[in-house]
Amino acid sequence: MSSKQTPRVIIVGGGFGGLNAARSLANKPVRVTIVDRKNHHTFQPLLYQVATAGLSPAEIAAPIRNVFRGDTNVVSLMEEVVGFDLDQRTVKTTEQELSYDYLVVAAGATHAYFGHDEWEPYAPGLKTIEAALEIRRRVLLTFELAERQAIAGEASGPLNFVVVGGGPTGVELAGTLAEICRHVLAHEFRSIDPSMARIILLEGGPRVLPAYPEDLSRSAQEQLERLGVEVRTSALVTAVEPGAVRIGDTRLVAAVVLWAAGVAASPLGKMLGAPCDRAGRVLVEPDLSIPGHREVFVIGDLATLKDKQGRPLPGLAPVAIQEGKYVAKTILRDLDGTARKDFHYWDKGTLATIGRAAAVADFGKIHISGFLAWLSWLFIHIFFLIGFRNRLLVFIQWAWSYFTYDRGARLITGNTSLPGWVGRHPAATSQNGKEGDRSGKQGVAAD
Ligand SMILES: Cc1cc2nc3c(=O)[nH]c(=O)nc-3n(C[C@H](O)[C@H](O)[C@H](O)COP(=O)(O)OP(=O)(O)OC[C@H]3O[C@@H](n4cnc5c(N)ncnc54)[C@H](O)[C@@H]3O)c2cc1C
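Computed from a predicted structure; not experimentally measured.

1. Remarks on the sheet that holds strand E9 (residues 102-105)
Within a sheet, adjacent strands bond to each other through the backbone by hydrogen bonds, running parallel or antiparallel. In spatial order, the strands read E5-E2-E1-E9-E21-E20; together these six strands make up an open sheet with mixed pairing. The outermost strands of the open sheet, each flanked by one partner alone, are strand E5 (74-78) and strand E20 (289-290). Most of the contacts of helix H8 (residues 317-336) go to E9, to which it runs at about 170°, and overall it touches strand E1 (8-12), E9 and strand E21 (293-298).

Given below as structure tokens:
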């Protein structure tokens, strides 16, 4: 041990994995330092609600320092980790070097653009609060710009919203956007008709929710279409440009493009020098440590481990939570001199939400769709939110918007430009300066 006193555990990342590891080590005979570049834990499954103006950021995030306010053996540090020296047992941050006896790396993953990082400015992904706010800004701004142009008697580009990737994030974004256009904004504009907007979900593979059983994928597509989403499968995006995406030779004009395809692990995984898979996830041992370093654990989205059937564990919150708790227990067993046990994931089922009263749930042999699946999704996600205040607020917000269709967090902040937005269309200059009618000065049909 580097310290003659209490062993020191450094946890990198205050997401689902890191937070649960630290919680399980709270008030135990170890000194814990949880290092995150943000000061808050983000409840990522509800990010889409921030992106679509249903919830405010503080309702789905919790200051890490506040989570551990009563646990005097846990220190929270807001710093970016940039490297490791496993021989010296140190973690390098942008500010300092921290020594450890045990290291838990839970830095998560982010979206990947298949080697085309230049697409990111035109197609933001949903991973952080900042990204969710940027998506919200673009979506709401589109309608404001279209209304402004219609009032000036000009035509804008088509109100197309394109979501790339038919996994759980793409499905929930597309479904909720459709709801906003059809129900929330429909009666608030005078010169454009938001309900005429097209929401197009592009999936490169043959079906949406590819990780789910086929009957649930089919059901998800039907529920999306009922909400008014155009689902295009086997539609592989080959380029993203300002205001458009390309699928092979087809150019699809889009006011907003959202990216929900591809995942890349945090670069910290490769910095550990351990073997990684193609997405940069660390191939961990059955006790979640890395080869040759029993004192270094990698958990959550940054790690990859196979289940009993030989399939890699999914990148889901319950995996990260269970791994975080397991690692804490393993450290305490080591300190007790008890032998380690292998990690086993307990799969309680997976759920994907699509929109209001629309979801799918896979509980092994039991598959549910629609209202019941949505209700399960809602209660499970509210239950796991960090902080009683957040749980209560989210529950009230949800109940309110369920009955009223209202979405209260509709603020546009930051700049007021939209990549690729066609302003003052020369061919559409006003003849008479009158306000456009609701039948739409905006073209909604054209690709
Ligand atoms: C939009 C979205 C929706 C999702 N929906 C669901 C869902 O419905 N159900 C479900 O089970 N799962 C869902 N997931 C997946 C789930 O959120 C992840 O599996 C889970 O967050 C993984 O936990 P983690 O601890 O590994 O990483 P994260 O929760 O991503 O936490 C990583 C932490 O590390 C910090 N960090 C990263 N790099 C550094 C660095 N260099 N220095 C310091 N700190 C760093 C980050 O700031 C972050 O706080 C969703 C994910 C997203 C993005």
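2. So, the side chain of His381
Following the sequence through the fold, His381 ends up in helix H9 (residues 371-384). Within the structure, the side chain of His381 is placed 2.7 Å from the backbone oxygen of Trp377, a separation counted as a polar contact. Setting aside residues up to four positions removed in sequence, His381 forms contacts with Phe43 and Pro45.

3. Digging into the packing of aromatic side chains
Applying the stated criterion across every chain, the model contains 13 aromatic pairs. Between Trp119 and Trp259, the aromatic rings sit 5.7 Å apart at their centres with planes inclined by 65°, giving edge-to-face as the arrangement. Separated by 140 residues along the polypeptide, Trp119 in the loop between strand E10 (109-111) and helix H4 (129-151) and Trp259 in strand E17 (residues 256-259) bring together distant segments of the chain. Overall, Trp119 belongs to the buried group, its relative accessible area being 5%. For the ring pair Trp377 and Trp398, a centre distance of 5.9 Å and an interplane angle of 80° mean the geometry is edge-to-face. Here Trp377, found in helix H9, pairs with Trp398, found in helix H10 (residues 388-404); they are 21 residues apart in sequence, far enough to count as distant.

4. Quick word on the side chain of Glu323
For Glu323, the position within the fold is in helix H8. Summary of buried charges: Glu323 has no salt-bridge partner, and the nearest side chain of opposite charge, Arg281, is 10 Å away.

5. Some details on the pairing of strand E2 (residues 31-36)
Within E2, five of the six residues are buried, which leaves it mostly tucked inside the rest of the structure. Sheet analysis places E1 next to E2, joined by five bridges and oriented parallel. By the bridge assignment for E2, Val12 is matched with Val35. Since E1 and E2 lie parallel, the crossover through helix H1 (residues 16-25) that links them has a hand, and here it is right-handed. When E2 meets E5, the two strands line up parallel, connected through five bridges. When the sheet's bridge partners are listed, Val32 is paired in E5 with Val74.

Procedures and definitions
Residues numbered from 1 in each chain as written. Predicted model: local features only at pLDDT ≥ 70, side-chain atom pairs only at ≥ 80, totals over all residues. Heavy atoms only, no water. Pairing = 2+ DSSP bridges. Helix = DSSP H or I, 4+ residues; strand = E, 2+ residues; numbered from the N terminus. Contact = heavy atoms within 4.5 Å. Axes fitted to C-alpha atoms, helices over the stretch in contact; angles between N-to-C directions. Polar contact = N/O pair within 3.5 Å; in protein donor to acceptor, adjacent residues only side chain to side chain. Phe/Tyr/Trp six-rings, centres within 6.5 Å; stacked < 30°, edge-to-face > 60°. Buried < 20%, exposed > 50% of the residue type's maximum accessible area, 1.4 Å probe, protein only. Lys, Arg positive; Asp, Glu negative; His and termini not counted. Salt bridge = Lys/Arg side-chain N within 4 Å of Asp/Glu carboxyl O. Right-handed = clockwise from strand over helix to strand, strands pointing away.

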